[in-house]
Amino acid sequence: MTAFSKTPLLDTIRTPDDLRRLKVEQVRQVADELRQETIDAVSVTGGHFGAGLGVVELTTALHYTFDTPRDRLIWDVGHQAYPHKILTGRRDRIRTLRTGGGLSGFTKRTESDYDPFGAAHSSTSISAALGMAVARDLSGGKNNVIAVIGDGAMSAGMAYEAMNNAGAMNSRLIVILNDNDMSIAPPVGAMSAYLSRLYSGKTYRTLREAAKQINKRLPKIIANRANRVEEYSRGFMMDGGTLFEELGFYYVGPIDGHNLDHLLPVLANVRDMQTGPVLIHVVTQKGKGYGPAEASADKYHAVVKFDVATGAQAKAKPNAPAYQNVFGQSLVKEAQKDEKIVGITAAMPSGTGIDIFAKAFPKRTFDVGIAEQHAVTFAAGLATE
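Everything in this summary refers to the structure shown in the same document.

A look at the pairing of strand β3 (residues 145-150)
Stage number 1. Across the 6 residues that make up β3, a large majority, 6, are buried.
Stage number 2. Side-chain alternation along β3 places V145, A147 and I149 on one buried face and I146, V148 and G150 on a second face that is also buried.
Stage number 3. By the bridge criterion, 4 bridges tie strand β2 (residues 72-75) to β3 in an arrangement that is parallel. Note that in β3 the partner of W75 across the bridge is V148.
Stage number 4. Pairing between β3 and strand β4 (residues 174-179): 5 bridges, direction parallel. From the neighbouring strand, I146 faces β4, where its bridge partner is I174.

Examining the pattern of salt bridges
Stage number 1. Summed over the entire model, instances satisfying the criterion amount to 17 salt bridges.
Stage number 2. For R91, the salt bridge goes to E37, with nearest N and O atoms at 3.2 Å. Of this pair, R91 sits in the loop between α5 (82-90) and α6 (125-138) while E37 sits in helix α2 (residues 27-45); the two residues are 54 residues apart in sequence, bridging distant segments of the chain. Each member of the pair, R91 as well as E37, carries the same accessibility label: buried.
Stage number 3. Of the charged contacts in the structure, one is a salt bridge between K337 and E334, with a shortest N-O distance of 3.5 Å. Taken together, the residues K337 and E334, both in helix α14 (residues 323-337) and 3 residues apart, mark about one turn of the helix.
Stage number 4. Residue classification places K337 among the exposed residues on the basis of a relative accessible area of 65%.
Stage number 5. Among the residues examined, E334 registers a relative accessible area of 39% and is labelled partly exposed.
Stage number 6. Taken together, the shared-partner salt bridges in this structure form one network comprising D11, E37, R91 and R95.

Some words on empty space enclosed by the protein
Stage number 1. Enumeration according to the criterion identifies 2 cavities of 30 Å³ or more in this entry.
Stage number 2. What the largest cavity holds in volume is close to 40 Å³.
Stage number 3. If you go around the largest cavity, the residues you meet are N144, R172, L173, I174, V270, M273, T275, G276 and V278.
Stage number 4. Its residues assigned to classes, the lining of the largest cavity comprises 5 nonpolar, 3 polar and 1 charged.
Stage number 5. The volume enclosed by the second largest cavity comes to roughly 30 Å³.

Notes on the nonpolar core
If you look at soluble globular proteins, the nonpolar side chains tend to sit buried side by side.
Stage number 1. The biggest cluster of nonpolar side chains holds 43 residues, and the ones touching the most others in it are L62, I176 and I280.
Stage number 2. Setting aside residues up to four positions removed in sequence, I280 forms contacts with I174, V175, I176, L177, V252, I255, V266, L267 and V270.
Stage number 3. The next biggest cluster of nonpolar side chains, apart from the first, holds 24 residues, and it includes A128, V145, A153 and L173.

Some details on the packing of aromatic side chains
Any aromatic ring pair is given by two values, namely how distant the centres are and how the planes are angled relative to each other.
Stage number 1. According to the stated counting rule, one finds 4 aromatic pairs in the structure shown.
Stage number 2. Ring centres 6.1 Å apart and planes at 5 degrees place the aromatic pair F244 and Y251 in the stacked group.
Stage number 3. Residue F244 is classed as buried on the basis of its relative accessible area of 3%.
Stage number 4. Ring centres of F366 and F378 lie 5.6 Å apart, and the angle between their planes is 80 degrees; on these two criteria the pair is classed as edge-to-face. One end of the pair, F366, is in strand β9 (residues 365-367); the other, F378, is in helix α17 (residues 372-384), and 12 residues separate them in sequence.
Stage number 5. Above the face of the F361 ring, R364 is positioned so that its terminal group lies 4.3 Å from the ring centre.

Digging into the sheet that holds β3
Stage number 1. Overall, parallel pairing links the 5 strands, which are arranged β2-β3-β4-β6-β5 in an open sheet. Of all the strands in the sheet, the pair left with one neighbour each is β2 and β5 (250-256). Strand-to-strand twist in this sheet, taken as the mean axis angle between neighbours without regard to direction, amounts to 20 degrees.
Stage number 2. In this fold helix α12 (residues 260-271) packs onto β4, β5 and β6 (278-283), with an angle of close to 165 degrees to the strand it touches most, β5.

A few points about the side chain of D71
Stage number 1. In this fold, D71 is placed in the loop between α4 (56-65) and β2.
Stage number 2. The exposure class assigned to D71 is buried, which follows from its relative accessible area of 3%.
Stage number 3. A distance of 2.8 Å separates a polar atom in the side chain of D71 from the backbone nitrogen of N144.
Stage number 4. For D71, the contacting residues outside a window of four places in its chain are F66, N143, N144 and I146.

What counts and what doesn't
Residues numbered from 1 in each chain as written. Predicted model: local features only at pLDDT ≥ 70, side-chain atom pairs only at ≥ 80, totals over all residues. Heavy atoms only, no water. Buried < 20%, exposed > 50% of the residue type's maximum accessible area, 1.4 Å probe, protein only. Helix = DSSP H or I, 4+ residues; strand = E, 2+ residues; numbered from the N terminus. Pairing = 2+ DSSP bridges. Salt bridge = Lys/Arg side-chain N within 4 Å of Asp/Glu carboxyl O. 1 Å grid on protein atoms, 1.4 Å probe; cavity = no way out; pocket = protein on both sides within 12 Å on 5 of 7 lines; lining within 4 Å. Points joined across faces, edges and corners; volume = space filled by probe spheres on them. Nonpolar A, V, L, I, M, F, W, Y, C, P; charged D, E, K, R; others polar. Core = buried A, V, L, I, M, F, W, Y, C linked by side-chain atoms within 4.5 Å. Contact = heavy atoms within 4.5 Å. Phe/Tyr/Trp six-rings, centres within 6.5 Å; stacked < 30°, edge-to-face > 60°. Lys NZ or Arg CZ within 6 Å of the ring centre and 35° of its normal. Axes fitted to C-alpha atoms, helices over the stretch in contact; angles between N-to-C directions. Polar contact = N/O pair within 3.5 Å; in protein donor to acceptor, adjacent residues only side chain to side chain.

Just geometry here; none of it tells us what the structure is for.
What follows is the structure, encoded as structure tokens:
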């Protein structure tokens, strides 16, 4: 007699090839079971949690739509890659996360062909994707390159440097903006989803290209006005995309990142585009599908082992003091003696001990966001004076 399984469809999937053999109407069940497996696994291992739950549908849709690992899928933040690991041949080891000899908590090239680029923190994905896209073109390849970057990572100048470069080169790559915190777009719904499918579809793109060819034959002043009408109409109907369009990206969105009926057709349309860089704006919710995580202020960013039913986390056993606490406390003592000491962090105050320093010296503490190279140069500017 076979024991009852909570994840019968997921049990049939070893790699994305198995996922792609399913009917499209079965993808929703796979996503639901993938979320359950992620919750169960992290309750045993601890680890980063909320970000992974927020991209369950997106992860499933990407692997269903694209031919991974031939199509390169780059996760900007390794924190959100647990569902990705479960779908890509590592489910049997998912409960070894972050243990000696076990799975890495982040993406890791030596761990799997499905991890084409290592990532822990953030903001490197678009640069890496552009490099992969150019290498593909130089070698005569035809595969897709997809970077998934979170809205927080878009505070880093490096992301815009890469987008500016990609737009100028008109390189064929796909960037997915996972908007899960900043809410830079209005609420998404049926109209937004319809427009996204329309603008990413072949018919609209063919008409748009035809209009461009006609414009080349028109007097310059008329052609410029026609271009502005098209640009303003897209900007009005798809608020939030003007910046990306100006950087040379074809903008699609915003779309509901938890609605597979919206996600799948848009991803398929973009997959089949033979054009320059495209940005798909997807709105998701951290901790999606697990009540305690949805209700948490930090969306259960990282957790220790916990009880699935209640969400209660196991109390940590007494141990040696954490390095960041020793650092933060020691920095406070030094700063009490030297008023020129300041604290700078790139969106990691609690992880570095700067939060302790900030409580003692709020005016001497600077969080520059996820912008490490700016943090270092900003520090150099402070030091010169």
